[in-house]
Amino acid sequence: MLLDVQLDARPDQAAARAAELAATGVAGLFTFEGPHDVFLPLAATASHGVDVDLMTNVAIATPRSPMHLAHAAYDLQLMSGGRFRLGLGSQIRPHIENRYGATWSRPAARMREAVLATQAILTAWQDGTRLDFRGEFTKHTLMPPTFVPGPNPHGIAPVLLGALGPLMTRAAGEVADGLLVMPFHSHRHVRERTLPALEEGLAARGPGRPRADFRLYPQAIVAMGSTPEEQAAADRGVGGLLAFYGSTPAYRSVLEVEGWGDLQPELNVLSKTGAVAEMMALVTTRHIETLAVRGTPSECAAELRRRFGDLAERVCCYFPGYDVAPAQLGELVAALRD
């Protein structure tokens, strides 16, 4: 199993950090929509020839035009020599409306159309066909030759969709090239909720979208340590992220599958008063072991293979709130490949 990890550096430091991470043996690097632009660190990395796969994980699609997404995907596919994947995702209403200043409604329908429109633009450029996409939320029918980059020598970059709930997961299966499984989940949630919804989407794929071309990209929050001190630091970091995710109403379904549904409103109330310590105190070791992957590098590798080995050839891992030494990351890479 191959490992993808987050490129956790601002754009002007991304190439150096990418080279450091690549030296551990990771197969790919991804960025997320955080304090910096999601595309620029990948462009900086690609321009320095770091030999890894690159992916947005995820770029928030709703505030962006599919034309912007298509241009970014085309250019990063070009710069990386065909090693780019465009991961798209939605956001909750307060962020879309109040942070991005965009319109929020029917997120699964909007994301489905964003994927289709981006694919339509990329295909028109690749095949030299007329662009004629007419959707409910966006329309793309004007493409003068001046604005056509021509066929990408490395082909069209895959367009992936991040999802947790059944509607978004079905949309990913129906129209995307792959599913990015939300990192906040449990083994049981993936098997009982994600896979059945994905199967419904895959069954609805049209004849031009071969099911065999679809890829599943599991993600995992990892609390990894080789000593008791390292494990304690990892547990604190991961516990903080789990408390944050768990406080969000949209993620309650994950807790409900495990019989912890009442934890979500309790965390939500505390989050509104800024009681971070109290939130983290509610996250136990059992929660971490169920909702994340916990242990030494070899133990984490064994658990990742148990959860995802029959579903995917690679996994995306997050190490939130604590530092992982390069040597330790290298151990995880080696253990996953054994």
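What you see is a predicted model; the values in this text were computed from it and never measured.

Per the secondary structure count, the chain includes 14 helices and 13 strands. Taken against the 2.2 N^0.38 rule, which gives 20 Å for 338 residues, the C-alpha radius of gyration of the chain at 20 Å falls within 12% of a compact globule. Over its C-alpha atoms, taken along the principal directions, the chain stretches across nearly 60 × 40 × 35 Å. Residue pairs at least 24 apart in sequence account for 72% of intrachain contacts in the chain once pairs closer than 6 positions are excluded. Of the accessible surface of the chain, which amounts to about 14900 Å², a share of 54% is contributed by carbon and sulfur atoms. Across the chain, the mean location of the 31 positive side-chain charges is 6 Å away from that of the 36 negative side-chain charges.

This part covers the pairing of strand β3 (residues 53-56). Along any regular strand the residues' side chains alternate between the sheet's two faces. With burial as the criterion, each face of β3 is covered, one bearing D53 and M55 and the other bearing L54 and T56. The pairing of strand β2 (residues 28-31) with β3 spans four bridges and is classified as parallel. Looking at β3, one finds that F30 is bridged to M55. Tracing the backbone out of β2, into helix α2 (residues 40-47) and back to the parallel element β3 gives a crossover that is right-handed. As paired elements, β3 and strand β5 (residues 84-89) share two bridges and run parallel to each other. Among the inter-strand pairings, L54 is bridged to a residue of β5, identified as F84.

Before going further, it helps to spend a moment on the state of the cysteines. What is meant by a disulfide is a covalent connection between two cysteines, made through their sulfur atoms. Tallying each qualifying case throughout the model produces zero disulfides. A disulfide-free cysteine, C300 has its sulfur positioned 8.1 Å from the sulfur of C317, the nearest such atom. A relative accessible area of 0% means that C300 is categorised as buried. C316 supplies the cysteine sulfur nearest to C317, a cysteine that is in no disulfide, at a spacing of 7.7 Å.

In this structure, the amide linkage connecting N57 to the following residue, V58, adopts the cis form with an omega of 5 degrees. Tracing the backbone through its elements, the reader meets V58 in the loop between β3 and β4 (59-60). Unlike most non-glycine residues, R106 shows phi in positive territory, near 35 degrees. Note on placement: R106 falls in the loop between α4 (93-99) and α5 (107-127). In this structure R106 comes out as partly exposed when scored by relative accessible area, which is 46%.

For helix α3 (residues 66-79), built from 14 residues, the straight-helix expectation of 20 Å at 1.5 Å per residue is met to within 8% by its first-to-last C-alpha distance of 20 Å. Within α3, burial applies to P66, M67, L69, A70, A72, A73, Y74, L76 and Q77. The N-cap residue of α3 is S65: its side-chain oxygen and the backbone nitrogen of M67 are 3.0 Å apart. G81 occupies a position one or two residues after α3 and carries a positive phi of about 70 degrees.

Procedures and definitions
Residues numbered from 1 in each chain as written. Predicted model: local features only at pLDDT ≥ 70, side-chain atom pairs only at ≥ 80, totals over all residues. Heavy atoms only, no water. Helix = DSSP H or I, 4+ residues; strand = E, 2+ residues; numbered from the N terminus. Rg over C-alpha atoms; globule rule 2.2 N^0.38 Å. Contact = heavy atoms within 4.5 Å. Areas by Shrake-Rupley, 256 points an atom, 1.4 Å probe, with all protein chains shown as cover. Lys, Arg positive; Asp, Glu negative; His and termini not counted. Charge placed at Lys NZ, Arg CZ, Asp CG, Glu CD. Buried < 20%, exposed > 50% of the residue type's maximum accessible area, 1.4 Å probe, protein only. Pairing = 2+ DSSP bridges. Right-handed = clockwise from strand over helix to strand, strands pointing away. Disulfide = S-S within 2.5 Å. Expected span 1.5 Å × (residues − 1). Polar contact = N/O pair within 3.5 Å; in protein donor to acceptor, adjacent residues only side chain to side chain.

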